[in-house]
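Now for the letters of each chain:
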Amino acid sequence: MEIQREAIIEIVGTQYEGRAVNHNPLFLQQGFILRHQSDNPHDHNAVLLLTEDGKELGYLPKGYASLYAPAIDSGRYSFSIEIVKSEPDPERPILIVKITSELKNHSEEDIEADILSIVQNIVNGYAQRTTEYLTFIYSETVNVDELLTALNSARLIQKLHSCSSDLIESYDIKKNSEKYTPITKENLTPFLSDLKADVSDILKKIQKAYNESLDIDDEDEYHRVQSEIRERRKKFRSYDELLTSLLDTVTAYENVSIKLSSIPEQRDPEQTMAAMKENDTPTSNNLTISEPLQSAPKTVEREPETNLSDSPQLTEQAFFDWLISDGCVSESSAKQYISNIHSIEKLYQTIYGVKRSIIGANSSDTVGSMIESLIQRNEYIDANERRHNSFSNSLIKFIQFADISVDGLKSALDGFCICPLYFWCGKRVIILIRNSLSFNRNCFFRYIMF
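Rules used in this analysis
Residues numbered from 1 in each chain as written. Predicted model: local features only at pLDDT ≥ 70, side-chain atom pairs only at ≥ 80, totals over all residues. Heavy atoms only, no water. Helix = DSSP H or I, 4+ residues; strand = E, 2+ residues; numbered from the N terminus. Buried < 20%, exposed > 50% of the residue type's maximum accessible area, 1.4 Å probe, protein only. Pairing = 2+ DSSP bridges. Axes fitted to C-alpha atoms, helices over the stretch in contact; angles between N-to-C directions. Expected span 1.5 Å × (residues − 1). pLDDT = per-residue confidence, 0-100. Contact = heavy atoms within 4.5 Å. Left-handed = near helix turned anticlockwise from the far one by under 90°. Nonpolar A, V, L, I, M, F, W, Y, C, P; charged D, E, K, R; others polar. Phe/Tyr/Trp six-rings, centres within 6.5 Å; stacked < 30°, edge-to-face > 60°. Lys NZ or Arg CZ within 6 Å of the ring centre and 35° of its normal.

Enquirer: What's the story with unusual backbone geometry in this structure? I'm lost.
Expert: One non-glycine residue, His388, adopts positive backbone phi at about 55°. Mapped onto the elements, His388 comes out in the loop between α12 (378-386) and α13 (390-402). Taking the relative accessible area as the measure of exposure, His388 reaches 66% and is therefore exposed. Although it is not a glycine, Asn389 sits at a positive phi angle of roughly 65°.

Enquirer: Looking at this model, I keep getting lost on the sheet that holds strand β6 (residues 94-103). Mind explaining?
Expert: Pairing between the strands of a sheet comes from backbone hydrogen bonds, and it takes one of two forms, parallel or antiparallel. Pairing within the open sheet is antiparallel, and its 3 strands lie in the order β1-β6-β5. Here the strands that pair on one side only, and so sit at the sheet edges, are β1 (6-10) and β5 (77-87). Adjacent strand axes in the sheet meet at a mean angle of 20° when their direction is disregarded. Strand direction decides the pairing type here: β5 and β6, joined by 10 bridges, are antiparallel. Looking at β6, one finds that Ile83 is bridged to Val97.

Enquirer: For this particular structure, what's the right way to read helix α3 (residues 144-163)?
Expert: The α-helix advances 3.6 residues per turn, and as a result positions three or four apart in sequence lie on the same side. Over its 20 residues, α3 extends 29 Å from the first C-alpha to the last, a length consistent with the 28 Å expected when each residue adds 1.5 Å. For α3, the full list of buried residues reads Leu148, Ala150, Asn152, Ala154, Leu156, Ile157, Leu160, His161, Ser162 and Cys163.

Enquirer: Looking at this structure, I do not really get the confidence of the model for the protein chain. What am I missing?
Expert: Taken residue by residue, the protein chain gives an average pLDDT of 76. The fraction at 70 or more is 77%. Taken as a whole, residues 411-450 scores under 50 in pLDDT and shows 66 contacts with residues more than four places along the chain or in a different chain.

Enquirer: Help me understand the packing of helix α1 (residues 62-74) against helix α5 (residues 185-213), please; the structure alone is not making it clear to me.
Expert: Between two packed helices, what matters for the description is the angle formed by their axes and the separation of those axes. Remark: α1 packs on α5, axes separated minimally by 10 Å, with the N-to-C direction vectors making an angle of 65°. At the point where α1 passes α5, the crossing takes the right-handed sense. Where α1 abuts α5, its residues Pro70, Asp73 and Ser74 lie against Pro190, Phe191 and Asp194. When grouped by side-chain class, the residues that make up the contact of α1 with α5 number 3 nonpolar, 1 polar and 2 charged.

Enquirer: For this particular structure, what's the right way to read the packing of aromatic side chains?
Expert: Geometrically, a pair of aromatic rings is defined through the distance of the ring centres and the angle of the planes. Summed over all chains, the structure comprises 8 aromatic pairs. When the ring of Phe236 is compared with that of Tyr239, the centres are 5.5 Å apart and the planes differ by 90°; the resulting orientation is edge-to-face. You can see Phe236 and its partner Tyr239 sitting in helix α6 (residues 219-252), 3 residues apart, about one turn around the helix. Like Tyr239, Phe236 is buried. Arranged with centres 6.3 Å apart and planes meeting at 25°, the rings of Tyr380 and Phe391 form a pair that is stacked. Here Phe391 lies in helix α13 and Tyr380 lies in helix α12, a separation of 11 residues in the sequence. For the pair Tyr380 and Phe391, one class covers both residues: buried. Taken together through their ring pairs, the aromatic side chains of Phe319, Trp322, Phe398 and Phe401 make up a single cluster. Positioned above the aromatic ring of Tyr210, the side-chain terminus of Arg233 is 5.2 Å from the ring centre.

Following this line, the structure appears as structure tokens:
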């Protein structure tokens, strides 16, 4: 729920902690400030009203505070405050104010700086939380509650660091001397949401600029403007993908916990030794190993030669060779297919927080399950649409190469057929066979001459 542009609010808590003396009419002639007290023990959304020189006047009611606190933290709003009614009273002063909220117009540079600031904080936090967690490994005694706190902090920051890996690498962001601001699910979610809204607004403005550029008559000016728009759109689309990934990660994140019932019961050392002696005789379920066991030789049957060709090695070179030979594409197109697959692997890592390989995977079944889960995600669908279906075309090529079946891509493969085109060339008939799936630059022809 968003804050209203104008709201008339009666300030509460004016009589506590010596605030009544601050309601002197002389003090109320100056400007006012709203400050979010996130460390307030009674309400983490508490919003305090102060004079410009720092004199406390009271708090916004709890219902209003829950709306204004995240708005103040986001930095996207400016507030002007004027008095509607004021009655000084040593017992309980009455103060009613009118708060006008204006949404700031953030520039592209400001938004980009905010995004890089978040990622810099993630990098600093990743280094600090990792160090904190490692101290438990070298400790002789460990407090379970402190260990879980450190583990949960390290897990969240690690997931966010993994989502930001491409931007960190592109900008070569390293840990610096800036103080790390602790990241929690509660404080990061509204900030990321607001920032994502800013990026969406920028993308709308870029689209509007693109539509207006179509009316430019000068060809050189047109190409210059188009080039600038493409660079801006590419940059802010990548920011939008990053913020979506970070927001999904922090929203879905849950702390791990430990149940006391899952901790094994501690036994007396003497009882443990006695139990070990009782079980000293080997049984069918218990082995005593004094030296490495020699495994009995196994009879290995040689697989039929015909099966070898049915299980291709899923390496990059093998895929490249297949594209050139059986896929009938040029070397440049083959390299583009491989590049698209690597981009899909990065997208998978961004979505799931796990680094997995499609090219070079150990088994076809693993690749099939990865692709089936990925192509259902909105992030993949959007990325594929922006790239004019180049992702799906590359995956279709790969599953043909790996000889695997993927449910979501069956319809595309079922449409694979050949469309012969006949024409005369001198005394010969040339038949062109075209892949009917591709009506773009990736289409290919085969020809037969008679």
